[in-house]
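# A structural walkthrough
Single-letter residue listing:
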Amino acid sequence: MSLFGSIRMANNTLQAQQIGLQVVGQNIANVNTPGYIREEVIFEPAPAQRQGNIILGLGVRVAGVVQKIDKFLEDRLRGSSSDAANSDVQQQTYLELERLLGELGENDLSTSLNAFFSSISEVLNQPENSAIRNLAVLQGQTLTDDIGRLAEQVATARNDVNDQIISSADDINRLTKEIFDFNRQIAIFESSDISESDAVGLRDQRNQAIIELAELIDIQAVEQPSGAVNISINGEFIVNEVARRELTVVETTDRGQPVAEIQFVETGSVPGFTSGRVAGLFTSRDEVLAEFLDELDSFSAALAFEFNRVHSSGQGLLGYQELTGEFRIEETDEPLDAAGLSFAPENGSLQVLVRNLDTGVTETTDIFIDLDGLDTDTTYDDFLAALNGVDGLTASTTSDARITLAADAGLEFSFANDTSGLLAALGLNTFFEGDSARTIGIRQELIDDARLLAASGGGIGEDTDNAVLLADFANRELDSANGSSVDSLYRNLSSSVTQATAVARSIAEGDQVFMQSLESQRFATSGVNLDDEIVRMISYQRAYQAAARYIAEINELLEILVSI
Amino acid sequence: MTSPLTGIPTTRVSNLYAQQRLLAQLNFDQIELFRLQTQISTGQRLLVPSDDPSAATRGQALQSLLERKDQIKVNLDTNQSFLSATDAALTSVSSLLTSSYGSALGVVDTTSTQAQRDGVRAELNQAIQQLVDTGNQEFRERFLFSGTRSDAPAFDLVNGYVRYNGNEERLVSFSDIGVLFETNIDGNAVFGAISEPVRGTVDLNPALTDSTRLADLRGGRGVEPGSIVISDATNTSTIDLSGAETIGDVAALIEANPPSGRTVTATVTSTGLTISLDAGGGGNLTIDEVGAGHAAEQLGILETGGVLTGPLVGEDVDPRIRETTELANLVGGTLDQTSGLQITNGDETFVVDISTADTIEDVLNAINSAGASVTAQINEAGNGIDVRSRLSGADLYISENGGTTASDLGIRSFVGESDLDDLNHGLGVHTVTGTDFAIRRRDGAVLEFDASSFDTVQDVIDAINNHVDNQVPATQVTAQLAASGGGIELVTTDTATVATLAVLKRNGSEAAEDLGLIPVGASESDPPTGGGSTLTGRDVNPIEVEGAFNALIRLERALVTNDLREISRVTAQLDEANVGVNLARAELGARQQSVEALQLRLEDEKVELRTALSTQLDVDLAEAISNFTARQAALQATLQSAATISQLTLLDFL
C-alpha cells in the first residue's frame, strides 16, 4: 500500500460522501412529493487486500442506492385502497338514491300516496259533487307521475354509472400500458447495472401507476427477479414481463337500459372484479340501482293491480257505453291464468250489470271464471262468449288483441263483485293503467270523465260502499303480497334504502380509516423526514471534510517524499 | 363523518405525513362545524335519513300518520257542517207536528163543525207541504234526507200522497284510521217514509246448484276458507278449499283429491253435498277439519264417526237468494209465472207480469218498475222477497191476478194466515155477542155465523165451508181467497134464482164490514157478479207507511168524513211520528257531540304526534350549539398546535 493508494482510497471516500449528499439532496427535493419513496445510500467496506501478512481495507464502496419500501405493506395498502374505492362508490350511489327518494322532505312518494287516498276520502265526504271526483283522478295522476319520475331519475343514475364503467375500461388499458412500458424499462435498466441499485424514478412512476390501477380494480402485483411486476386479477394475468392484455367493452341491454360488460379482448372472458372502483360501479349498477328499480316496479304493480281489483268491482255515477281493455291477450284458447297476462286472475266469479237508461232497470248476469285446474278452465274465448251471452252487450277483440265491449243503444253497463281479479287483469273498469313504475298512469276514460270513478258498490250511482274500500286501501292486507299492505310495502322500500345507505356509509368510513392507518405506516417507512436528512447531510459533510483533510495530510507526506 | 382517528406510527414520522394529517384534521373540523351550523339554522337533526336510520324510519311513519290525521280533520269538519245543517233543518219539524196534533185534538170530538174541520184541514195541507220542503232540503249540493241517493230530492207529492225516492243507506266517512261514522240520516228514519214489508210466510228455499257461491251459503254468512281431511280409514287426503268459489268447485276438488288408491264421488244436491267412496274398496269414510278450521262443518260434511263407504249426506247448507238466482230453482220449481200479480197503491192498480222472468232480479225489476211506488228487494234472511210501500198516505194491497203468483212469492197481503186483529190497519174485526153475519144462498137458505171465535181469515173460510148446513155440493157456497184482487170471495155453482147470493148484517155487528164482505155503512153486500155466482169481498189488510206524512194525509182525509175512529187512530200515529222525529234529532245531536269530542281528541293527538316527530327529527339546539362551540375550540387548538410544530426544524439550530 503506497501513499498514492491512500490518496486513491480517500478519493473514493470523497466520491462516496458526494453520492450520499446527492441522495440526501434527492430526498430533500422530494419531501413534498406524494407517493415518493425515500432513498438511502448503502455503504459497504471495499474488499480488503493482503499486504504481506496484514490485511488492509481499501476504503468504502457504494453498494447501491435503494428505495426504502416495505413490499408487504404496499400489497396491503393496494388491497385496502381497492376496498376503500369500492365502498366509496357504493356509498355515493346509496346517497344519491336516498336523495332521489327524498323521504323526510315534503315532496316524497309517501306524501303523494297519502294525498291520493285523502282525495278519495273527500269523495266520501261529498259524493254528490263531481268536481271532487275529478280532483281524486288528478291526484292519482300526480301520484303516478311522481312514481314515474322517480323511476326515470334512478334509471338516469344507472346510465351515469354505466358510462363510468365504460370510461374505466379505457383507464385500465392506459394504466396497464404504462406499467408494461415501465416494466421493460426497469428490467433493461437494472439488468445492465452491476450494482444493486433500484431504478429509482422509474420505479416510483411505475408504483404510482400500480396504485392508481389498484384503486380501479383489485390486483395482485408480484415483483419478478428481473425487476418487472406481474399484475394479475383473480388469477388471470393482465400485465407481465412480456405481454399485456387489453380490456374491451361489450354493450347489451338489461331492464330496458344499455349495460356495458368488460371483457378481455382476445378471449372474451370476463375478469371477476371483486374490489376496486370498477367492482363498486358494477355493484351499484347491477345490484343497488337495479334491485331498487325492480322493487319500485313490483310496488307499482302491486299498487296498480290490487287497487284496480277493488275499483273494477264498483260502479260510478254512470256506466259505460263502450270500453276497451288495456292488456293484450295473446293466447285466446289457453286458461286465463296461463294466457300470458302480467297479472294472473284466479278462480272466482264476476257480475255484469246492464242498465236501461230510460227505465233505470238493471239486469245482472253472473259469469264464472273457472280456474281451479280441474276439468275445463275458462279461456279468453269462453269469457268472450259469456259476455256476448249478456243481453244488450257485444264483446269482441280489437286488432291489437285487446277485449272491447259495447252496449246496445239506450243501455249502459258496469261490473260488480269480481272475486277472480279478471277485470283488473284485462284492464276493464280499472283506475290505474300500466304494470311497472315507468308505465303506471291513470286510465284515459277516467281523465275524460271522472264520474266513472267507481265509488258505488250496489249499482250505478247507488251508494259509496266501494269508495270506503278505496279510501282505506293503504292499510288493506293484500293477498298477492303475503298480507302486506301498500303502506308497509312502500315503507319497506324506503327504509331498506335508508338502512343500506347507513350501512354503506359506515363501511366506507371503516375502509377509509383502515386505508389511512396503513398509509400512515407507509409514511413511517417511506416518507422523508427533513431532520433525518439534515443529520445525514451533516455526517456526509463531516466525512467529506475529514477525507479532504486526510488527502491534505497525505499530500504533505508526498511533498516531503518528493523533496528529498 | 370520516374521523381522522387513525393510529400514529411508532417508528418515525415523515414531513409529508405530518402535513397530511394536519390537513385532514382541519378538514374534519371544518366539515363538522358546517354540519352543526346547518343543523342549527334548519333546526333539523337529520340532514339525510341515513344519519340515523331508526329515527328516520320512525320519523317517516309519524309524518305519514300526521298527513292522514290532517285528512281525518277535514272529514270531521266537513261532516260536522252537514250534521249541523241537518239538525237546523229539523228544528221546525217537531213544532209543526205538535201544532198539527193540537189542532187535530181540537176537532176530534162530535161537537166540531164542518167549518172548524175545514180550517184544520187547510192547516194540515200547509203542514204537509212544509214538511215535504223540509225533507227536500239541500246543503252544499247534497239533499240531506235522501240517504245515499243524495243527488236527487227525497220526496215528491203525487196525487195528494207523498212518495219517498231516497233510500235507507247511510253515507259514511272516516273518523279515524279504519273507523267509519255515519254522516247523514235518511228520510225514513226521520219522517217514516217506507212501510214495513208485506209479511210473507213463504220460505222460497232456493235450491243449491253447482254454481252457488260459497259466500251465499249459510244464509249469506258464507264459508271460511280452509282445508278438510278426507279419509277411508287407511289413507288420508288433505284438500285445500281456499281457492274454491262455488260449491261445484268444492265437489270437483274433493273428487280430484281422493285418499290414495280410492275413488270419491261428490255430487251437489239441492240442499247440500253427498259424498261416497267406491263400494268395492271398503273402508270407512270420514271427513274432518284441519287444525282449528271450520270448513267441513260449515259445508255440512263434518263426519268424524264414519259412514263406511257412504253415502255421506251433507247437511242443508241453506243458500241465500241472490239477484241472479233462477226462478226455476225456487220452491221446488212450482212458481206460477203465467198469472202475474196485482199491486194496488194509492187508488191505482198495476198488473205485474213475470211470465218472461228468469231470475229473482227480473221479478224485482218488474215490481219496481211497475210504477206502483213500491220497493221490492231480497229480504234480510235471504230466503224471500220484501215488498214495501214508498207512498205515504196510501194503502198498499198485493193480490193475485187469477193464479197463485203472489202467494207463491209470499207477498200476497191478504192470506189465510192473516190475523183478524191486524186487519183494517190494526183496528181488527168488531164482533157482538150472538151472530154477527149471515150468508144467504141462491136456494134461499141462510147460514148464520158468530165471528167471536174466529182468529184468522182461514178460520172464517173454514167456518163457511164446514158449516153443517152447507155440505150439499149442488147448493153450497164455497168461501176462498179471491182469485183476482179482493179479499174473501164466495162462489157458488147453484143456478137457483130463489134468492141472490148475499151477506147480511146481524145484530148490528160490524164484523162483516170489517171482513170486507159488506160495504162500510151498509147492511147487505153488493150484488154478486158472474151472473149471480160470485161475491168478492174487499181486501181489508192494506199496508200503510207509518210516519208523519201518512198521519197528516190520513188525518186530513178523515176530517172530510169525520171518521172518528180513523181520526183517533191516525192522531196516535201522528204523536208517534213526532216522537220519532225527536228521536232522530236526539241521535243527530249525540252524533254531533261525539264528532266534536273526536275533533278535540284529534287536536290533542296531533300535538302528541308532532312532539314525537320533533323528538326524532329536530335538533336539540342547546346540544348543537355546545357541540359547535367545542368544535370551534378544537379547530383553534389544532391550528395553534400545527403552527408550533411546523416551525420546529433542525435547520434553525445549525
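Quick caveat, the model's predicted, so the values are computed rather than measured.

### What about the overall build of chain B?
Scanning chain B for helices and strands turns up 14 helices and 24 strands. In terms of C-alpha radius of gyration, chain B reaches 41 Å, well past the compact-globule figure of 26 Å for 654 residues. The principal-axis extent of the C-alpha atoms belonging to chain B is close to 165 × 90 × 40 Å. A total of 654 residues make up chain B; the buried ones form 49% of that total. Taking contacts inside chain B between residues at least 6 apart in sequence as the whole, the part at least 24 apart equals 64%. The positive charge centre, built from 41 side chains, and the negative charge centre, built from 90, are 8 Å apart in chain B.

### Let's talk about the pattern of salt bridges
All names here are of chain B. Summed over the entire model, instances satisfying the criterion amount to 71 salt bridges over all chains. Across the pair D77 and K73 runs a salt bridge whose closest N-O atoms are separated by 3.1 Å. One end of the pair is D77 and the other is K73, both in helix α2 (residues 53-106) and four residues apart, which spans about a single turn. Classification of K73 by relative accessible area gives partly exposed; the value is 30%.

### A short note on the sheet that holds strand β18 (residues 396-400) of chain B
Strands pair in a sheet through their backbones, by hydrogen bonds, and they do so in one of two ways: parallel or antiparallel. Residue and element names in this part refer to chain B. One open sheet accounts for three strands, arranged β14-β13-β18; its pairing is antiparallel. For this open sheet the edge positions go to β14 (348-352) and β18, each flanked by a neighbour on one side alone. The sheet shows a mean angle of 20° between the axes of neighbouring strands, direction not considered. Across five bridges, strand β13 (residues 341-345) lies against β18 in antiparallel orientation. Across the sheet, T344 pairs through a bridge with Y397, a residue of β18.

### Description of unusual backbone geometry
Located in the positive-phi region is B:D347, a residue other than glycine, with phi close to 75°. Residue position: B:D347 is located in the loop between β13 and β14.

### Here's the deal with the packing of helix α2 (residues 71-101) of chain A against helix α5 (residues 202-216) of chain A
Residues and elements named next belong to chain A. At their nearest, the axes of α2 and α5 sit 7 Å apart, and the two run at 40° to each other. Of the residues in α5, those touching α2 at E74, R78, S81, S82 and A85 are N207, I210, A214 and E215. For the contact of α2 with α5, the residue count by class is three nonpolar, three polar and three charged.

### Quick look at the sheet that holds strand β7 (residues 236-239) of chain A
Residues and elements named next belong to chain A. Across the sheet, which stays open at both edges, the three strands sit in the order β5-β6-β7 with antiparallel pairing between neighbours. Here the strands that pair on one side only, and so sit at the sheet edges, are β5 (220-223) and β7. Ignoring which end each strand starts from, the neighbouring axes of this sheet average 35° apart. Strand contacts of helix α4 (residues 130-191): β6 (229-233) and β7, with the helix running at about 75° to β7, the strand carrying the most contacts.

### Describing the packing of helix α3 (residues 114-135) of chain B against helix α12 (residues 548-561) of chain B
Helix packing geometry: the angle between the two helix axes and the distance between the axes. Residues and elements named next belong to chain B. Orientation of α3 relative to α12, taken along the N-to-C sense of each, is 160°, at an axis distance of 9 Å. Between α3 and α12, the crossing angle belongs to the class labelled roughly antiparallel. Note on packing geometry: the crossing formed by α3 with α12 is left-handed. Along the contact surface, α3 presents Q114, R117, V120, R121, L124, N125, A127, I128, L131 and V132, while α12 presents A548, F549, L552, I553, L555, E556, L559 and V560. Looking at the contact of α3 with α12 residue by residue, the class counts come to 13 nonpolar, two polar and three charged.

### Considering the interface of chain A and chain B
The interface is formed by 75 residues belonging to chain A together with 74 residues belonging to chain B. Here chain A and chain B share an interface that buries about 6100 Å² over both sides, 49% of which is from carbon and sulfur atoms. At the junction of chain A and chain B, the tally comes to six salt bridges. Inspection of the chain A/chain B interface yields 35 residue pairs in polar contact (both at pLDDT 80 or more). Broken down by secondary-structure element, the contributors of at least two residues to the side of chain A that touches chain B are α2, α3 (109-125), β11 (348-356), β12 (362-369), α10 (465-471), α11 (486-526) and α12 (530-562) of chain A. The leading source of residues in the side of chain A that touches chain B is α11(A), at 18 residues. For the side of chain A that touches chain B, the residue count by class is 22 nonpolar, 34 polar and 19 charged.

### Here we look at helix α14 (residues 621-647) of chain B
Residue and element names in this part refer to chain B. For α14, spanning 27 residues, the distance from its first C-alpha to its last is 39 Å, which sits close to the expected 39 Å at 1.5 Å a residue. When we look at burial in α14, the residues that qualify are A624, L635, T638 and A642. On its buried face, α14 sits against α1 (15-42).

### Side note on empty space enclosed by the protein
In this structure the tally under the stated criterion is four cavities of 30 Å³ or more. A volume near 190 Å³ is recorded for the largest cavity. Taken together, the elements giving at least two residues each to the lining of the largest cavity come down to α3 of chain A together with α2 and β5 (172-176) of chain B. Looking at side-chain class alone, the lining of the largest cavity contains seven nonpolar, seven polar and three charged residues.

### Focus on the nonpolar core
In this structure, A:I231, A:F383 and A:F432 are the most contacted members of the largest nonpolar core, which totals 168 residues. Once residues within four sequence positions are removed from consideration, A:F383 is found in contact with A:L336, A:L350, A:I367, A:I369, A:T378, A:I403, A:L422 and A:L426.

### Considerations on a negative patch on the surface
Residues A:E331, A:D333, A:E334, A:D381 and A:D382 make up a contiguous surface patch of negative charge. Considering the arrangement of structural elements, one finds A:E334 in the loop between β10 (322-324) and β11.

### Some details on the side chain of A:E98
As for its position among the elements, A:E98 is in helix α2. Salt bridges are absent for the buried A:E98, whose nearest opposite-charge side chain, A:R505, sits at 5.1 Å. Beyond its immediate stretch of four places on either side in the chain, A:E98 contacts A:V497, A:T498, A:T501, B:V48, B:P49 and B:S50.

### Quick word on the domain arrangement of chain B
What the domain assignment reports for chain B is domain 1 (15-63 + 605-653), domain 2 (79-192 + 549-599), domain 3 (214-313), domain 4 (332-413) and domain 5 (422-536). For domain 1 of chain B and domain 4 of chain B, the distance between their C-alpha centroids amounts to 82 Å.

### A closer look at helix α5 (residues 247-256) of chain B
An α-helix turns once every 3.6 residues. As a result, residues three or four positions apart point the same way. Residue and element names in this part refer to chain B. The element α5 is largely enclosed, with a buried count of eight among its 10 residues. Within the span of α5, buried status applies to I247, G248, D249, V250, A251, A252, L253 and I254. Each element contacted by the buried residues of α5 is listed here: β7 (227-231), β8 (236-240), β9 (264-268) and β10 (273-277).

### Concerning the domain arrangement of chain A
Domain assignment breaks chain A into domain 1 (3-68 + 527-563), domain 2 (88-157 + 294-496) and domain 3 (166-291). The gap between the C-alpha centroids of domain 1 of chain A and domain 2 of chain A is 90 Å.

### Let's talk about the environment of A:G410
All names here are of chain A. Take G410: it is sitting in the loop between β14 (403-407) and β15 (411-416). Relative accessible area serves as the criterion here: at 33%, G410 is assigned to the partly exposed category. In this view, G410 contacts R355, N356 and L357; residues no more than four positions away in its chain are not counted.

### Details of the side chain of B:N578
Residue and element names in this part refer to chain B. Here N578 is to be found in helix α13 (residues 564-617). Reaching out from N578, the side chain makes a polar contact with the side chain of T98 at a distance of 3.0 Å. If we skip the residues at most four places from it in the chain, N578 touches S94, L97 and T98.

### Side note on the packing of aromatic side chains
Residue and element names in this part refer to chain A. Taken as a whole and assessed by the stated rule, the structure comprises 25 aromatic pairs over all chains. Both rings, one in F43 and one in Y540, keep their centres 5.9 Å apart while their planes meet at 85°; by these two values the pair is edge-to-face. On the criterion of sequence distance, the pair formed by F43 in strand β1 (residues 39-45) and Y540 in helix α12 is long-range, its members being 497 residues apart. Here F116 and F307 contribute two aromatic rings whose centre-to-centre distance is 5.5 Å and whose plane-to-plane angle is 50°, an arrangement assigned as tilted.

### With respect to the confidence of the model for chain B
In the predicted model, chain B carries a mean pLDDT of 89, and 98% of its residues have values of at least 70. ipTM for the predicted complex: 0.87, alongside a pTM of 0.88.

The rules behind the values
- Residues numbered from 1 in each chain as written.
- Chains lettered and ligands numbered in written order.
- Predicted model: local features only at pLDDT ≥ 70, side-chain atom pairs only at ≥ 80, totals over all residues.
- Heavy atoms only, no water.
- Helix = DSSP H or I, 4+ residues; strand = E, 2+ residues; numbered from the N terminus.
- Rg over C-alpha atoms; globule rule 2.2 N^0.38 Å.
- Buried < 20%, exposed > 50% of the residue type's maximum accessible area, 1.4 Å probe, protein only.
- Contact = heavy atoms within 4.5 Å.
- Lys, Arg positive; Asp, Glu negative; His and termini not counted.
- Charge placed at Lys NZ, Arg CZ, Asp CG, Glu CD.
- Salt bridge = Lys/Arg side-chain N within 4 Å of Asp/Glu carboxyl O.
- Pairing = 2+ DSSP bridges.
- Axes fitted to C-alpha atoms, helices over the stretch in contact; angles between N-to-C directions.
- Nonpolar A, V, L, I, M, F, W, Y, C, P; charged D, E, K, R; others polar.
- Parallel < 35°, antiparallel > 145°, perpendicular 65-115°, else oblique.
- Left-handed = near helix turned anticlockwise from the far one by under 90°.
- Buried area = accessible area lost by both parts, 1.4 Å probe.
- Polar contact = N/O pair within 3.5 Å; in protein donor to acceptor, adjacent residues only side chain to side chain.
- Expected span 1.5 Å × (residues − 1).
- 1 Å grid on protein atoms, 1.4 Å probe; cavity = no way out; pocket = protein on both sides within 12 Å on 5 of 7 lines; lining within 4 Å.
- Points joined across faces, edges and corners; volume = space filled by probe spheres on them.
- Core = buried A, V, L, I, M, F, W, Y, C linked by side-chain atoms within 4.5 Å.
- Patch = residues over 30% accessible without salt bridge, like charges linked within 9 Å, V, L, I, M, F, W, Y side chains within 5 Å.
- Areas by Shrake-Rupley, 256 points an atom, 1.4 Å probe, with all protein chains shown as cover.
- Domains from an automatic or database assignment.
- Phe/Tyr/Trp six-rings, centres within 6.5 Å; stacked < 30°, edge-to-face > 60°.
- pLDDT = per-residue confidence, 0-100.

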